[in-house]
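# Structural overview for review
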Amino acid sequence: MEIDGAHVLVTGASRGIGAGLARAFATAGGRVTVVARTATAVEELAAETGGTALVADLADAAGRAGLIARVEEAAGPVDVLVNNAGIDVTGTLDDMDPADLERLVAINVLAPMELTRQVLPGMIDRGRGHVVNMSSLAGTAVLPGMVAYAASKSALTHFTAGLRADLRGLPVGTTVVEVGLVPTDMRASVVAHPPTAAAFRRFYRLGLLTDTPLDRLCAHTVRAVADDRRHVRLPRRAWAFAALAEAPRRITELTITGVRAR
Ligand SMILES: NC(=O)c1ccc[n+]([C@@H]2O[C@H](COP(=O)([O-])OP(=O)(O)OC[C@H]3O[C@@H](n4cnc5c(N)ncnc54)[C@H](OP(=O)(O)O)[C@@H]3O)[C@@H](O)[C@H]2O)c1
């Protein structure tokens, strides 16, 4: 996908990774639409990048309903959908608030599925499109305290594989981003739970994991869309975790070569 001139919709763009991605796509020549709940933050980012801001709460069915139509009415057809908005609910499952669990699934799983469902018909009609799902290494490797978050990211990664199966032969690409810790508000929230922090410390001490700088993650993600690559896996040293978990999906894909998707 040529990024120059492409309309890129980034959810969860009021701060952290989403804001970084919006800036990186804009720098690469994209026209960005940024979505989150915090109006001032998305409006400032839209002004900075020359893009469009839209306020929506993706935890609510009403916030998700018709969102792509609203974006396209404001800023034209969406070429790239970046499902980045996400929350963590870190702790032991029996201590979790059921309302937090519902919000987690709504934002991390349901919203990417629903926005993708809304955006696909237009992308297929126009013969051009790309969907990026911001998953996590937690989608393949689970640490204590990350039971709910990891399950949601595992669902998102597998959803992306299913999407690829559905889109076989069509000019709509997908990229799943599987990244370890990135310095943002969410990172601070995840390691505030002592057992999770202790588990991460072990991985860091063994040299199996390291933080991924925001700029690096954003540059890799923009390049993956430009080159139509299916995966962003960072840090590189943890590549095998995601690649091994991908093996059954890839074997399935090869087995059904030539089978029509629709
Ligand atoms: N940071 C990491 O270490 C890390 C690692 C792997 C994957 N990820 C993933 O990367 C993505 C971004 O994470 P981050 O670290 O940038 O987190 P963050 O700094 O906490 O930012 C989260 C973003 O999601 C938005 N958001 C939260 N609830 C929302 C809702 N109900 N409706 C709409 N937007 C909502 C927030 O905006 P408002 O609050 O303004 O709505 C904010 O822009 C997430 O999917 C996360 O799971 C993060």
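Right above here is the structure, for reference.
The following paragraphs examine the structure supplied in this document. Along each chain, residues carry numbers from 1 onward, in the same order as the chain's sequence is written. For a predicted model such as this one, the threshold for reporting local features is a pLDDT of at least 70, and the threshold for listing and counting side-chain atom pairs is 80 or more; totals across whole chains, interfaces and linings nevertheless cover every residue. Hydrogen atoms and water are omitted, and side-chain values are computed over all heavy atoms in the structure.

A cis geometry characterises the amide bond from Leu234 onward to Pro235, with omega recorded as -5°. Within the secondary structure, Pro235 is located in the loop between strand 7 (231–234) and helix 10 (239–255). Despite not being glycine, Asp228 has its phi angle at roughly 55°, a positive value. Here a strand is any run of E in DSSP of at least two residues, a helix any run of H or I of at least four, and the numbering for each starts at the N terminus.

Moving on: the environment of Phe241. Counting through the fold element by element, Phe241 comes out in helix 10. A relative accessible area of 34% places Phe241 in the partly exposed class. For the pair Phe241 and Gly129, spaced 112 residues apart in sequence, the C-alpha to C-alpha distance is 28 Å. The residues contacting Phe241, other than those within four sequence positions of it, are Leu137, Thr140, Ala141 and Phe203. Accessibility here uses a 1.4 Å probe with only protein chains present; expressed as a share of the type maximum, an area under 20% marks a residue as buried, one over 50% as exposed, and anything in between as partly exposed. Contacts: residue pairs with any heavy atoms within 4.5 Å of one another.

Turning to the packing of aromatic side chains, a few remarks are in order. Here is the rule: rings of Phe, Tyr and Trp (six-membered ring for Trp) pair when centre to centre is within 6.5 Å. Planes less than 30 degrees apart are stacked, more than 60 are edge-to-face, and the remainder are tilted. Scanning the model with the defined rule gives two aromatic pairs in all. Measuring from ring centre to ring centre gives 6.4 Å for Phe200 and Tyr204, while their planes differ by 80°; the resulting arrangement is edge-to-face. With Phe200 and Tyr204 both in helix 8 (residues 194–205), this residue pair falls four residues apart, about one helical turn. Residue classification places Phe200 among the buried positions, given a relative accessible area of 9%. For Tyr204, a relative accessible area of 27% puts it in the partly exposed group. Ring centres 6.1 Å apart and planes at 50° place the aromatic pair Phe203 and Phe241 in the tilted group.

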